[in-house]
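Fold and contact review
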Amino acid sequence: MMAFIKKWIFRLILLLVSLLAMLLASENNAEVVITILSYPTPPLPVSWWVILAFVIGFATASLSNLVSNARSRLKYREIDKEVLVIKHELDQVKAARSK
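Residues numbered from 1 in each chain as written. Predicted model: local features only at pLDDT ≥ 70, side-chain atom pairs only at ≥ 80, totals over all residues. Heavy atoms only, no water.

Side note on the confidence of the model for the protein chain
Selection rule: Each residue carries a pLDDT value, the predictor's own confidence for that position, ranging from 0 to 100. Labels follow the DSSP assignment, with helices taken as runs of H or I lasting at least four residues and strands as runs of E lasting at least two, numbered in each case from the N terminus.
Of the residues in the protein chain, 100% reach a pLDDT of 70 or more, and the chain-wide mean stands at 88. Within the protein chain, helix α1 (residues 2–27) has the poorest average pLDDT of any element, 83, and strand β3 (residues 39–40) the best, 92.

Okay, here's the thing in structure tokens:
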């Protein structure tokens, strides 16, 4: 039940941030040029830059989460294999004692 509530709270926060971004984007339509490493970008509205920042942030966070989850799953599999080996050894010891 708690996971369900957390999921919906996260969705609500995501919706509010998205609405805020759209409001900010609609109110800021002045064109700007950003210089990155002395290379100017084409003039784009501020709203495009805000949306681009959100998309880059989302992609970066998703990639980071993917890598973290992959490491955790790999570690879990290794530990699970060790537990199975130890259980098997314990069963063998119990069987030897009962004889």
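Read on for the rest.
Focus on helix α2 (residues 46–98)
Using the following cut-off: Multiplying 1.5 Å by the residue count of a helix minus one yields the expected span of that helix. Exposed residues in this analysis have more than 50% of their type's maximum accessible area, buried residues have under 20%, and partly exposed residues fall in between, with area computed by a 1.4 Å probe over protein chains only. By definition, residues are in contact when any of their heavy atoms lie within 4.5 Å.
Counted at 1.5 Å a residue, the expected span for α2 with its 53 residues is 78 Å, and the 77 Å between its end C-alpha atoms agrees. Regarding α2, the residues found buried are Ser47, Trp49 and Val50. For α2, the secondary structure elements touched by its buried residues are α1, β1 (31–32) and β4 (44–45).

Quick look at the packing of α1 against α2
How we decide: Where helices are involved, their axes are fitted lines through C-alpha atoms of the stretch in contact, as for all axes, and angles between N-to-C directions lie from 0 to 180°. Here is the rule for angles: anything less than 35 degrees is roughly parallel, anything more than 145 is roughly antiparallel, 65 through 115 is roughly perpendicular, and the remaining ranges are oblique. Handedness of a helix crossing follows the sense of rotation of the near helix relative to the far helix, less than a right angle counterclockwise being left-handed and clockwise being right-handed. Side-chain classes are defined by residue name, with Ala, Val, Leu, Ile, Met, Phe, Trp, Tyr, Cys and Pro counting as nonpolar, Asp, Glu, Lys and Arg as charged, and the others, Gly among them, as polar.
With their axes 8 Å apart at the nearest point, α1 and α2 run at an angle of 155 degrees to one another. Compared by their axis directions, α1 and α2 come out roughly antiparallel. Here α1 and α2 pass one another in a crossing that is right-handed. Here α1 contributes Val17, Ala21, Leu24 and Ala25 to the contact with α2, which in turn contributes Ser47, Val50, Ile51 and Phe54. Classifying every residue of the contact of α1 with α2 gives seven nonpolar, one polar and no charged.

Topic: the packing of aromatic side chains
Rules: Centre distance within 6.5 Å is the pairing criterion for rings of Phe, Tyr and Trp, where only the six-membered ring of Trp is used; planes under 30 degrees apart are then read as stacked, over 60 as edge-to-face, and the remainder as tilted. Ring-over charges, as used throughout, are those where CZ of Arg or NZ of Lys falls within 6 Å of the ring centre and within 35 degrees of the ring normal.
All told, the structure shown has one aromatic pair when counted by the stated rule. The interplanar angle of 65 degrees and the centroid separation of 6.2 Å between the aromatic rings of Phe4 and Trp8 together place this pair among those described as edge-to-face. Of this pair, Phe4 and Trp8 both sit in helix α1, four residues apart, roughly one helical turn. Note on Trp8: relative accessible area 45%, which makes it partly exposed. Directly above the ring of Trp8 sits Arg11, whose terminal nitrogen or CZ lies 4.8 Å from the centroid.

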